[in-house]
Amino acid sequence: MSAAAAHRSAVVAADLPVVDDGGQRRDAAVAGTFDVRVKRISYEADTINSYELLSPTGGDLVPFTAGSHIDLHLQNGLIRSYSLINDPRERHRYVIAVNRDSASRGGSSFVHDTVKAGDIITISGPRNNFALCEEAEHSVLIGGGIGITPLLSMIRRLDALGRRWELFYAARTRAAAAFTDELSTLSSDIHPNLHLDFDDERSGRVFDLAAIVKNAPAHAHLYCCGPVAMLEAFEAATADRPADQVHVEYFQAKQPAAVEGGFEVTLARSNRTIAVEAGKTILDALLDAGIAVNYACAEGVCGTCETRVLDGIPDHRDQFLSTDEQAANKSIMICCSGAKSRKLVLDL
């Protein structure tokens, strides 16, 4: 993920299994999937609904940490990741928010059009690629549009810990901004930590992200989630800050997937070789060959399809691995990355 992924946290969620990834600790996906019931669907803003999910049989769900997401396995065959927005202390429910994206590839529009209260849907357990540093004395949170979603659970956790935070929330219009009423209850005249910014109310001003970063305390941890242009500006503005104090989460790819083809993938565990033809990703080729592999976003953002590389040189196109991790060529996101060598040997 260029410089941005180098800044992501690597905190493992409580009670989730841990995998050894070359000395780096990452959240491991909870094995398998499970069903939840949609208890309630609520209007939050123009094009944004929230969905409250409970166990169909009652009882607690798998614990999660602030910044986590779950994957929805939709009936149209798509798998889509959505951030958990509720308080991590809650064990009985998950709450997500879904924006009907005008450029939807079938995920958000399908959720809005077909998912109803009372439905049983299949989800993955929570994973966290955007973890909150709970020890930070001060946190600066920057959200754009639907990028507010992972920041909500962070704010709830920071409040529970008694930590200081500031939120800068930008949206096209006030009507398009979700959860503003709820956020306003968390800010006060004494501690004015909520800053709202709407395109149609600026009177010629611009959303000055560089100034926000510049004015943040040197010891603060900074978080950003929103459109690609905002994230790129955030990366540029924070380039001089310590990498472990800067955190980003992408919801979409920055560059197209590698579909040039013309190479082979050897699966070390099964000793099979699959040709990746032009017009297909590695994931496409493996699925077409009947090989079951883990994947979700199909854009190199969520990290679900990360696969160990045993030999060969990947052509990295993901937003998940750091620049150093990509240079090491020890793993690849098979949903979007290709090969610079004639052959890749993967730990599959």
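Per an unreviewed UniProt entry, the recorded name for the protein chain is Phenoxybenzoate dioxygenase subunit beta, and the organism is Bradyrhizobium ivorense.

Enquirer: So what's going on with the overall build of the protein chain? Residues and values would help.
Expert: Along the backbone of the protein chain there are eight helices and 20 strands. Looking at the protein chain as a whole, 52% of its 348 residues qualify as buried. Partitioning the contacts of the protein chain with sequence separation of at least 6, the portion at a separation of at least 24 is 66%. Counting every atom, the protein chain has about 15,600 Å² of accessible surface; 48% of that belongs to carbon and sulfur.

Enquirer: Quick rundown of the confidence of the model for the protein chain? Include the residues and the values.
Expert: In this model, the protein chain carries a mean pLDDT of 86, and residues with pLDDT of at least 70 account for 87%. Scored below 50 in pLDDT, residues 1-31 shows 75 contacts in the model against residues more than four places distant or in partner chains.

Enquirer: Could you give an account of the pattern of salt bridges, naming the residues involved and the relevant values?
Expert: Scanning the entire structure with this criterion turns up 14 salt bridges. Put simply, arginine 100 and aspartate 113 hold a salt bridge, and the shortest N to O gap is 2.6 Å. A residue pair is termed long-range when its members are at least 10 positions apart, and arginine 100 in the loop between strand 7 (93-99) and helix 2 (108-114) and aspartate 113 in helix 2 qualify at 13 residues. The partly exposed category is assigned to arginine 100, whose relative accessible area is 34%. Its salt-bridge partner being arginine 157, residue glutamate 134 comes within 2.8 Å of it at the nearest N-O pair. Here arginine 157 lies in helix 3 (residues 149-161) and glutamate 134 lies in the loop between strand 8 (120-124) and strand 9 (138-144), a separation of 23 residues in the sequence.

Enquirer: Provide a residue-level description of the sheet that holds strand 13 (residues 246-249), including the pertinent values.
Expert: In space, the five strands of this open sheet follow the order 11-10-9-12-13, with parallel pairing throughout. Looking at the sheet topology across the chains shown, the edges are occupied by strand 11 (194-198) and strand 13. Between one strand axis and the next, the sheet turns by 10 degrees as a mean value, whatever way the strands run. Two strands pair when backbone bridges link them, and strand 10 (residues 164-171) and strand 11 are joined in this way by five bridges, in the parallel orientation. Bridging from a neighbouring strand, alanine 170 pairs with aspartate 197 of strand 11. Contacting strand 9, strand 10, strand 12 (221-225) and strand 13, helix 3 crosses the sheet at an angle of about 160 degrees to strand 9.

Enquirer: For the nonpolar core, give the residues involved together with the corresponding values.
Expert: By size, the foremost hydrophobic cluster in this structure holds 29 residues, and its most contacted members are Leu141, Ile148, Leu151, Met154, Leu167, Leu183 and Tyr223. At five residues, the largest contribution of residues to this core is made by helix 3. Excluding its chain neighbours within four sequence positions, the residues that come into contact with tyrosine 223 are Phe130, Ala131, Leu132, Cys133, Ser139, Val140, Leu141, Ile142, Leu151, Met154, Phe234 and His247. Listed in part, the 24 residues of the second largest apolar core include Phe207, Met230, Val246 and Tyr250.

Enquirer: Could you give me a rundown of the environment of tyrosine 295, with the residues and numbers involved?
Expert: Here tyrosine 295 shows up in the loop between helix 7 (282-288) and strand 16 (306-311). In this structure the C-alpha to C-alpha distance between tyrosine 295 and cysteine 305, which are 10 residues apart in sequence, comes to 4.6 Å. Contacts of tyrosine 295, omitting those with residues within four sequence positions, involve Ile79, Leu283, Leu287, Thr304 and Cys305.

Enquirer: Kindly report on the pairing of strand 15 (residues 272-276), identifying the contributing residues and their values.
Expert: Pairing of strand 14 (residues 263-267) with strand 15 involves five bridges; the strand directions are antiparallel. Bridged to valine 265 within strand 15 is isoleucine 274. The turn linking strand 14 back onto strand 15 is made up of four residues, and asparagine 271 within it adopts a positive phi angle of 55 degrees.

Enquirer: How would you sum up the environment of glycine 279? Please name residues and give values.
Expert: In this fold, glycine 279 is placed in the loop between strand 15 and helix 7. The spacing of glycine 279 and glutamate 260 is 19 residues in sequence and 6.1 Å in space, taken between C-alpha atoms. Setting aside residues up to four positions removed in sequence, glycine 279 forms contacts with Val259 and Asp284.

Enquirer: Describe the side chain of aspartate 71, with residues and values.
Expert: By secondary structure assignment, the location of aspartate 71 is in strand 5 (residues 69-73). A polar side-chain atom of aspartate 71 sits 3.1 Å from a polar atom in the side chain of arginine 127. Leave out the neighbours within four places in its chain, and aspartate 71 touches Ile79, Arg80, Ser81, Thr122, Ile123, Ser124, Arg127, Ala296 and Thr304.

About the criteria used
Along every chain, residues carry numbers that run from 1 in the direction the sequence is written. Confidence filtering applies because this is a predicted model: local features only for residues at pLDDT of at least 70, side-chain atom pairs given and counted only at 80 or more, and all residues used for totals across whole chains, interfaces and linings. Values reported for side chains reflect all heavy atoms of the structure, with hydrogen atoms and water molecules removed beforehand. Helix and strand definitions follow DSSP, with helices as H or I runs of at least four residues and strands as E runs of at least two, each counted in order from the N terminus. Under the scheme applied here, a residue whose accessible area is under 20% of the maximum for its type counts as buried, over 50% as exposed, and between as partly exposed, the area being computed with a 1.4 Å probe on protein chains only. In this analysis, two residues are considered to be in contact whenever any of their non-hydrogen atoms come within 4.5 Å of each other. What sets the accessible areas is the Shrake-Rupley method with a 1.4 Å probe; for residues, cover comes only from the shown protein chains. Residue-level confidence of the predictor is summarised by pLDDT, bounded by 0 at the bottom and 100 at the top. Salt bridge, as used here, is a side-chain nitrogen of Lys or Arg placed within 4 Å of a carboxyl oxygen of Asp or Glu. Strands were regarded as paired on the criterion that DSSP finds at least two bridges between them. In this analysis, axes come from line fits to C-alpha atoms, helices being fitted only over the stretch in contact, and the angle between any two N-to-C directions falls in the range 0 to 180 degrees. Here, the term nonpolar core denotes a set of buried Ala, Val, Leu, Ile, Met, Phe, Trp, Tyr and Cys residues that are joined through side-chain atoms within 4.5 Å. Within 3.5 Å is the distance limit for a polar contact, defined as a pair of N or O atoms, with the added protein rule that one can donate a hydrogen and the other accept it, and that residues adjacent in sequence qualify only through two side-chain atoms.

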